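# Structural overview for review
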Amino acid sequence: MENFEDKHAFLVMSRTVDANLLNLLKSIDYKDNDIYLHIDKKANVKNFNSKLEHAELILCQNISVGWAADTLIKAEMILLKTAVNSGKKYSYLHLMSGNDLQIVDNVQFRKFFKNTDEQYIDYESIDEPINMRRIKYFFPLQQYTGKKHGLLWAMQKILMYIQVMLRINRLRKSPYKHIAKGSAWFSITLECAQYIVKKEKEIEKYFYHGSAADELFIQTLILSSKFESKIASNNLRYIKWSEGANSPEVLKISNYEDLIASQKLFARKFDTKIDSLVISKILGEAHNG
């Protein structure tokens, strides 16, 4: 009989199928792990052989995902709903990207979650006007603008200023005590995941058509819920940022000692084309050492 109390669901959002994704899957390929995988539709992947030995892989319905667009939230909700609706009694659900790794072995990983019911969600700021603006106004072109400051970006900027003049405020009647921002990646209990899935219509109303609202909706929802007292404000991920950057640094072998000493369970982001040595060292020492 399966031990459902120690079962974990990994919700993986990947832009493509490459060596980085395969390394991630290898790092979480353990018995009693289920891996729910969303591959960006733009990758046009027809067949995928994960070569997993122990974990179960579930390929989810996929959509085309845009940078900072609401399609990130939609893909996340697909993963959450698929896992929650499976009926399996997961201990925790972990949202990860295709450029992440689990950096501790399975024994240490399961020991950590053995006696906790906290929600491991990152909180960086609360009620900052620049972040509230992301969902206060509509950003209908975000799916197509990406990171580039081109014509569509300028058009969307103009649309926002028009909304300012018209005094548009999507948050005027929102049910939230605070608007919070943090890293999109989390580890949450099944009960918390079920709560988020039940709030889908509310999420559509207040967070769809926003800008980078994937960094707001989980934080904001949970801060106004019964789970508020269980927020750890630590998402258990080692992530290194450069000042002013809109994406985290790619981790290298020079970061290895810091990430191992960090007492985190996961790290991101990795890229075999930039530094494969750090990946090999983690997979070799953390998982086989």
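Summary of the structure given here. This is a predicted model, so every value here is computed, not measured.

## Quick notes on the sheet that holds strand β5 (residues 100-102)
Pairing is mixed in the open sheet, where 3 strands are placed in the order β5-β10-β9. Only two strands of the sheet have a single partner each, and these edge strands are β5 and β9 (237-239). This sheet shows a mean twist of 20° between the axes of neighbouring strands, independent of strand direction. In this structure, β9 lies alongside strand β10 (residues 266-268), joined through 3 bridges in parallel fashion. Considered in β10, the bridge of isoleucine 239 is made with arginine 268.

## Describing the sheet that holds strand β1 (residues 8-14)
Read from one edge of the open sheet, 5 strands run β3-β2-β1-β4-β8, paired in mixed fashion. Every other strand in the sheet has two partners, leaving β3 (56-59) and β8 (187-189) as the edge strands with one partner each. Neighbour-to-neighbour, the strand axes of this sheet turn through a mean angle of 20°, independent of strand direction. Relative to β3, strand β2 (residues 33-39) runs parallel, the two sharing 4 bridges. Looking at β3, one finds that isoleucine 35 is bridged to leucine 57. Sheet strands touched by helix α7 (residues 190-198): β4 (92-97) and β8. Its angle to β8, the strand with the most contacts, is close to 90°.

## Here we look at the side chain of lysine 181
Within the fold, lysine 181 resides in strand β7 (residues 180-181). A relative accessible area of 13% means that lysine 181 is categorised as buried. Within the structure, the side chain of lysine 181 is placed 2.6 Å from the side chain of glutamate 124, a separation counted as a polar contact. Setting aside its immediate chain neighbours within four residues, lysine 181 contacts Asp122, Tyr123, Glu124, Ser125, Asn131, Arg134, Glu215, Leu216 and Gln219.

## Considering the packing of aromatic side chains
Evaluated as defined, the whole model comprises 14 aromatic pairs. Residues tyrosine 176 and phenylalanine 207 carry aromatic rings whose centres are separated by 5.7 Å and whose planes lie at 50° to one another, so their mutual orientation is tilted. One end of the pair, tyrosine 176, is in the loop between α6 (151-165) and β7; the other, phenylalanine 207, is in helix α8 (residues 200-207), and 31 residues separate them in sequence. When sorted by exposure, tyrosine 176 lands in the same class as phenylalanine 207, which is buried.

## Things to note about the pattern of salt bridges
Under the counting rule described, the total for this entry stands at 17 salt bridges. Here lysine 81 makes a salt bridge to glutamate 200, at a shortest N to O gap of 2.8 Å. Of the two residues, lysine 81 sits in helix α2 (residues 71-84) while glutamate 200 sits in helix α8, which places them 119 residues apart along the sequence. The exposure class of lysine 81 is partly exposed, given its relative accessible area of 25%. With its nearest N and O atoms 2.8 Å apart, the salt bridge here joins arginine 134 to glutamate 215.

## Section: the nonpolar core
If you look at soluble globular proteins, the nonpolar side chains tend to sit buried side by side. Core analysis: the largest hydrophobic core is formed by 47 residues, its most contacted members being Leu11, Leu80, Ile196, Ile203, Phe207, Phe217 and Ile222. Among the secondary structure elements, those contributing two or more residues to this core are β1, α2, β4, α7, α8 and α9 (217-223). Per-element tally for this core: the top contributor is α2, with 9 residues. Sequence-distant contacts of leucine 11, defined by excluding residues within four places in its chain, comprise Tyr36, Leu79, Leu80, Ala83, Leu93, His94, Leu95 and Met96.

The rules behind the values
- Residues numbered from 1 in each chain as written.
- Predicted model: local features only at pLDDT ≥ 70, side-chain atom pairs only at ≥ 80, totals over all residues.
- Heavy atoms only, no water.
- Pairing = 2+ DSSP bridges.
- Helix = DSSP H or I, 4+ residues; strand = E, 2+ residues; numbered from the N terminus.
- Axes fitted to C-alpha atoms, helices over the stretch in contact; angles between N-to-C directions.
- Contact = heavy atoms within 4.5 Å.
- Buried < 20%, exposed > 50% of the residue type's maximum accessible area, 1.4 Å probe, protein only.
- Polar contact = N/O pair within 3.5 Å; in protein donor to acceptor, adjacent residues only side chain to side chain.
- Phe/Tyr/Trp six-rings, centres within 6.5 Å; stacked < 30°, edge-to-face > 60°.
- Salt bridge = Lys/Arg side-chain N within 4 Å of Asp/Glu carboxyl O.
- Core = buried A, V, L, I, M, F, W, Y, C linked by side-chain atoms within 4.5 Å.

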